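# Observations on the three-dimensional arrangement
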Amino acid sequence: MIFSHKTIWITGATSGIGKAVALELSNQKVNLILSGRNEEALQKVVSLCEKNGSSALSVPFDLGDEKSVDEAARRVFSKQLKIDALYHFGGISQRSFVSETPVAVDRKIFEVNYFGTIALTKYVLPHMIKNGGGQIAVTSSIVGKFGFPYRSSYSASKQALHGFFESLRAENTKHNIVVSVIIPGRIKTNISVNAVNKDGKTHEKMDAGQDTGMSAEKCAAVICKKLKKEKKEILVGGKELIMVHIRRFLPRLYYYMASRVNPL
Ligand SMILES: NC(=O)c1ccc[n+]([C@@H]2O[C@H](COP(=O)([O-])OP(=O)(O)OC[C@H]3O[C@@H](n4cnc5c(N)ncnc54)[C@H](OP(=O)(O)O)[C@@H]3O)[C@@H](O)[C@H]2O)c1
């Protein structure tokens, strides 16, 4: 995918990895549609992208609210834009044990990470098919590849994305729809601060594991390079990525490690 002059819709653009990807791409004369809930933060990213020579449209919406997703899609389509790519970074993490988490909290995580993400995709996909193709990227996590303590529904929601988007790819390769699943390890963003706890409130802590992670800027550079090459899976992070290979090739070692790991 050559980015220049393409129209790219990015969710999760108000902070962390999504914001860093928007800024990275804005150096390549693209037309960005940027989404997240925080309108003020979104406006700041819009200004930075414009300074870098790209156009940027702010379309705030809540992934956890179907009506809000619907309105955002209508607003974008009313502008008669041709959307070349949709990159999903919007999402929330979790910091709570299965034994103490009410199902309402599990549902909230799924509403944002899974249902909101697939709802927006379902608006954009027919448009891309009609226009002869496009690129869709979704952000999973290394815990989308294996279970991890203190992250049960977060991990489950990310694993669900793999199933959905692999199926979408299988159905739509013939329509020139390219699908990339981004699999970050530990990236230094506010993901743990914004993670939901057993009470459905924000965790409000920068976990030690997060704090020592790869920078969002470096992560974004890797992601953009691999999106350009239309890679089907994009693993990005530090030495923690080894866990993906341990889970696959040495499952007994993974079972041992996962039950003893410090989840913070
Ligand atoms: N950082 C990591 O180590 C890591 C590792 C694996 C996977 N990931 C994934 O990477 C993606 C980006 O996370 P990040 O690390 O950049 O964390 P972040 O800084 O907390 O960013 C999360 C983004 O998602 C948006 N978002 C959250 N809830 C939303 C909602 N209900 N509606 C619309 N937008 C919402 C936030 O915008 P608003 O608050 O403005 O709505 C924000 O822009 C997420 O999908 C995350 O699961 C991150």
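The shown structure was predicted, so the numbers you read here are calculated from the model rather than taken from an experiment.

Thresholds applied
- Residues numbered from 1 in each chain as written.
- Predicted model: local features only at pLDDT ≥ 70, side-chain atom pairs only at ≥ 80, totals over all residues.
- Heavy atoms only, no water.
- Helix = DSSP H or I, 4+ residues; strand = E, 2+ residues; numbered from the N terminus.
- Rg over C-alpha atoms; globule rule 2.2 N^0.38 Å.
- Buried < 20%, exposed > 50% of the residue type's maximum accessible area, 1.4 Å probe, protein only.
- Contact = heavy atoms within 4.5 Å.
- Polar contact = N/O pair within 3.5 Å; in protein donor to acceptor, adjacent residues only side chain to side chain.
- Patch = residues over 30% accessible without salt bridge, like charges linked within 9 Å, V, L, I, M, F, W, Y side chains within 5 Å.
- Areas by Shrake-Rupley, 256 points an atom, 1.4 Å probe, with all protein chains shown as cover.
- Salt bridge = Lys/Arg side-chain N within 4 Å of Asp/Glu carboxyl O.
- Lys, Arg positive; Asp, Glu negative; His and termini not counted.
- Charge placed at Lys NZ, Arg CZ, Asp CG, Glu CD.
- Pairing = 2+ DSSP bridges.
- Right-handed = clockwise from strand over helix to strand, strands pointing away.
- Near = heavy atom within 4 Å.
- Nonpolar A, V, L, I, M, F, W, Y, C, P; charged D, E, K, R; others polar.

## Some thoughts on the overall build of the chain
Helix and strand content of the chain: 9 helices and 11 strands. For 264 residues, the compact-globule estimate of 2.2 N^0.38 gives 18 Å, and the C-alpha radius of gyration of the chain, at 18 Å, lies within 12% of that figure. Expressed as lengths along the three principal axes of its C-alpha atoms, the size of the chain is roughly 50 × 35 × 30 Å. Taking all 264 residues of the chain together, 51% fall into the buried category. Relative to all contacts within the chain whose residues are 6 or more apart in sequence, the contacts with residues 24 or more apart total 70%.

## A few points about the environment of Thr-11
Relative to the elements of secondary structure, Thr-11 occurs in the loop between β1 (7-10) and α1 (16-26). According to the relative accessible area criterion, Thr-11 is buried, its value standing at 2%. Linking Thr-11 and Ser-35, residues 24 residues apart in sequence, is a C-alpha distance of 4.6 Å. Sequence-distant contacts of Thr-11, defined by excluding residues within four places in its chain, comprise Gly-18, Ser-35, Phe-61, Tyr-87, His-88, Phe-89, Gly-90 and Leu-120. A polar contact is formed between the side chain of Thr-11 and the backbone nitrogen of Phe-89, at a distance of 3.0 Å. Polar contacts involving the side chain of Thr-11 include one to the main-chain amide nitrogen of Gly-90, which spans 3.0 Å.

## Things to note about a positive patch on the surface
A cluster of basic side chains, namely Lys-225, Lys-228, Lys-229 and Lys-231, defines a positive patch on the protein surface. Within the secondary structure layout, Lys-228 lies in helix α7 (residues 216-228). Residue Lys-228 is classed as partly exposed on the basis of its relative accessible area of 45%.

## Observations regarding the pairing of strand β2 (residues 31-34)
Across 4 bridges, β1 lies against β2 in parallel orientation. Each bridged residue has a counterpart across the sheet, and for Thr-7 the counterpart in β2 is Asn-31. In terms of handedness, the path from β1 via α1 over to β2 forms a crossover that is right-handed. In the sheet, β2 pairs with strand β3 (residues 55-58) via 4 bridges, with the strands oriented parallel. Each residue of the ladder has a partner; that of Leu-34, found in β3, is Ser-58.

## Thoughts on the site of the ligand
Neighbouring the ligand are 32 residues; Thr-14, Ser-15, Arg-37, Tyr-154 and Thr-189 lie closest to it. One nitrogen or oxygen atom from the side chain of Asp-62 is found 2.8 Å from a nitrogen atom belonging to the ligand. A distance of 3.1 Å separates an oxygen atom of the ligand from a polar backbone atom of Phe-89. Expressed as a share of its isolated accessible area of 870 Å², the protein-covered part of the ligand is 94%. Counting only elements with at least two residues in the shell around the ligand, the list comes to α1 and α5 (152-172). In terms of residue class, the shell around the ligand is built from 11 nonpolar, 17 polar and 4 charged.

## Quick notes on a nonpolar patch on the surface
A cluster of nonpolar side chains, contributed by Phe-249, Leu-250, Leu-253, Tyr-256 and Met-257, occupies part of the molecular surface with about 490 Å² of accessible area. Broken down by element, the residue count for the nonpolar patch peaks at 3 residues, all from helix α9 (residues 251-258).

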